[in-house]
Each structure stands twice: as structure tokens, then as C-alpha cells.
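# A look at the structure
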Amino acid sequence: MADINAIAKQFTEYYYHVFDFNPAVLAGQTRDRDNSMLTYEGDQLLGIASIVNKLISLPFQKVQHVVSTLDAQPTPSGLIVMVTGQLVVDDSTTPLQYSQVFHLLADGGSYYVYNDVFRLNYG
């Protein structure tokens, strides 16, 4: 079995780097363009076009993801990755806490995002 923690770390580093600089590029992170799903703060989006439209329309000009924790578990078809961290938005001095879960499906020797659940953590 592949080292799922290394795969999860490599994936999240790449995903957040791309998200922070050009979220539209994330459209290439799925193979299932019609059935992949994002739940963003309770708003469920189905299909890559809806997902990318949501990501590029978020109300900030600049964002930086800072990962605090990263956990991964294997599934029969890929792996689940849970991330917690901070978002630094538009050079704010008060970062926002977030959690995000990815369901990555195996595709040959690589993985792609099938499900993505994102929440800001308040309180």
C-alpha cells in the first residue's frame, strides 16, 4: 500500500498552492466532471463548472491556506483527507479557522477530487 500520509501531504500542498494563486486551475483536479461535488459552507455544488464558478467568485482578492493538521485514511476506492488550518484573507491580521475534507479517488497512479467539504470554524 502506498504511504497515504505522504500522498495526502503532497495533494494538499499542491491543492492549496493552486487555490491560493489561481483557483480556476483546480478544474483539472477531477476526472468526473459531472458528478464531483463541493459542499462549501452548506452550499452544495455538483459538477466541475459549478464548483469552479463558486471558487472563483469567493469574496476575497487574496488568500493563503496555512495547514495545521492533516489526517488521511484509505478507502476501497482511494482515500479520505481531513485538513484543519487557517485562512489569511486579503492580508488580514486575524486568520479564519477552517476544516476541509477531501475524498480522493484513485485513477491509475494518481488521485483526483471526487468530494470536497469545506467549513469555516467559528467560536
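Residues numbered from 1 in each chain as written. Predicted model: local features only at pLDDT ≥ 70, side-chain atom pairs only at ≥ 80, totals over all residues. Heavy atoms only, no water.

For the protein, the name recorded in an unreviewed UniProt entry is Nuclear transport factor 2, with Botryobasidium botryosum as its organism. UniProt, in its Function (unreviewed entry) section for the protein, records the words "Has a role in nuclear-cytoplasmic transport of proteins and mRNAs." (UniProt positions renumbered as here; feature names shortened; annotations may be inferred.)

## Describing empty space enclosed by the protein
Applying the stated criterion to the full structure yields two cavities of 30 Å³ or more. By volume, the second largest cavity amounts to about 80 Å³. Residue assignment for the lining of the second largest cavity shows that the elements contributing at least two residues are α1 (4-21) and β3 (63-75). The residue inventory of the lining of the second largest cavity, partitioned by class, reads nine nonpolar, two polar and no charged. (1 Å grid on protein atoms, 1.4 Å probe; cavity = no way out; pocket = protein on both sides within 12 Å on 5 of 7 lines; lining within 4 Å. Points joined across faces, edges and corners; volume = space filled by probe spheres on them. Helix = DSSP H or I, 4+ residues; strand = E, 2+ residues; numbered from the N terminus. Nonpolar A, V, L, I, M, F, W, Y, C, P; charged D, E, K, R; others polar.)

## With respect to the packing of aromatic side chains
Applying the stated criterion across every chain yields a total of nine aromatic pairs. Consider the rings of Y15 and F19, whose centres lie 6.3 Å apart with planes at 35°: the pair is tilted. Residue Y15 and its partner F19 are located together in helix α1, separated by four residues, close to a single helical turn. Neither residue differs from the other here; Y15 and F19 are each classed as buried. Each ring, one from Y98 and one from F118, has its centre 5.7 Å from the other, and the planes form 20°; the classification is stacked. Taken together, the residues Y98 in strand β5 (residues 96-107) and F118 in strand β6 (residues 110-120) connect sequence positions 20 residues apart. Across the pair, exposure class does not vary: Y98 and F118 are buried alike. Here a set of aromatic residues connected by ring pairs shows up, and it is made of F11, Y15, Y16, F19, Y40, Y98, F102 and F118. (Phe/Tyr/Trp six-rings, centres within 6.5 Å; stacked < 30°, edge-to-face > 60°. Buried < 20%, exposed > 50% of the residue type's maximum accessible area, 1.4 Å probe, protein only.)

## Brief notes about the nonpolar core
Counting residues in hydrophobic clusters, the biggest one holds 29 residues, and the most contacted among them are Y15, F19, L55 and F102. For this core, the elements supplying multiple residues, two or more each, are α1, β1 (37-40), α2 (48-56), β3, β4 (78-89), β5 and β6. Sort the elements by how many residues they give to this core and α1 lands first, with eight residues. When residues no more than four places from it in sequence are discounted, the contact partners of F102 are F11, Y15, Y16, L79, I80, V81, V83, V113, N115 and D116. (Core = buried A, V, L, I, M, F, W, Y, C linked by side-chain atoms within 4.5 Å. Contact = heavy atoms within 4.5 Å.)

## Quick notes on the sheet that holds strand β2 (residues 43-46)
The six strands are arranged β2-β1-β6-β5-β4-β3 in an open sheet whose pairing can be described as mixed. Strands with a single pairing partner mark the edges of an open sheet, and in this sheet they are β2 and β3. Across the sheet, the mean angle separating the axes of adjacent strands is 20° when strand polarity is ignored. Across four bridges, β1 lies against β6 in parallel orientation. Looking at β6, one finds that L38 is bridged to D116. Against the sheet, α1 contacts β3, β4, β5 and β6, and its axis sits at roughly 150° relative to β3. (Pairing = 2+ DSSP bridges. Axes fitted to C-alpha atoms, helices over the stretch in contact; angles between N-to-C directions.)

## Concerning α2
Within α2, burial applies to I48, I51, V52 and L55. Summarising the axial view, the buried residues of α2 lie within an arc of 95°, below the 170-degree limit, and thus occupy one face. Each element contacted by the buried residues of α2 is listed here: α1, β1 and β2. (Arc of directions from axis to C-beta.)

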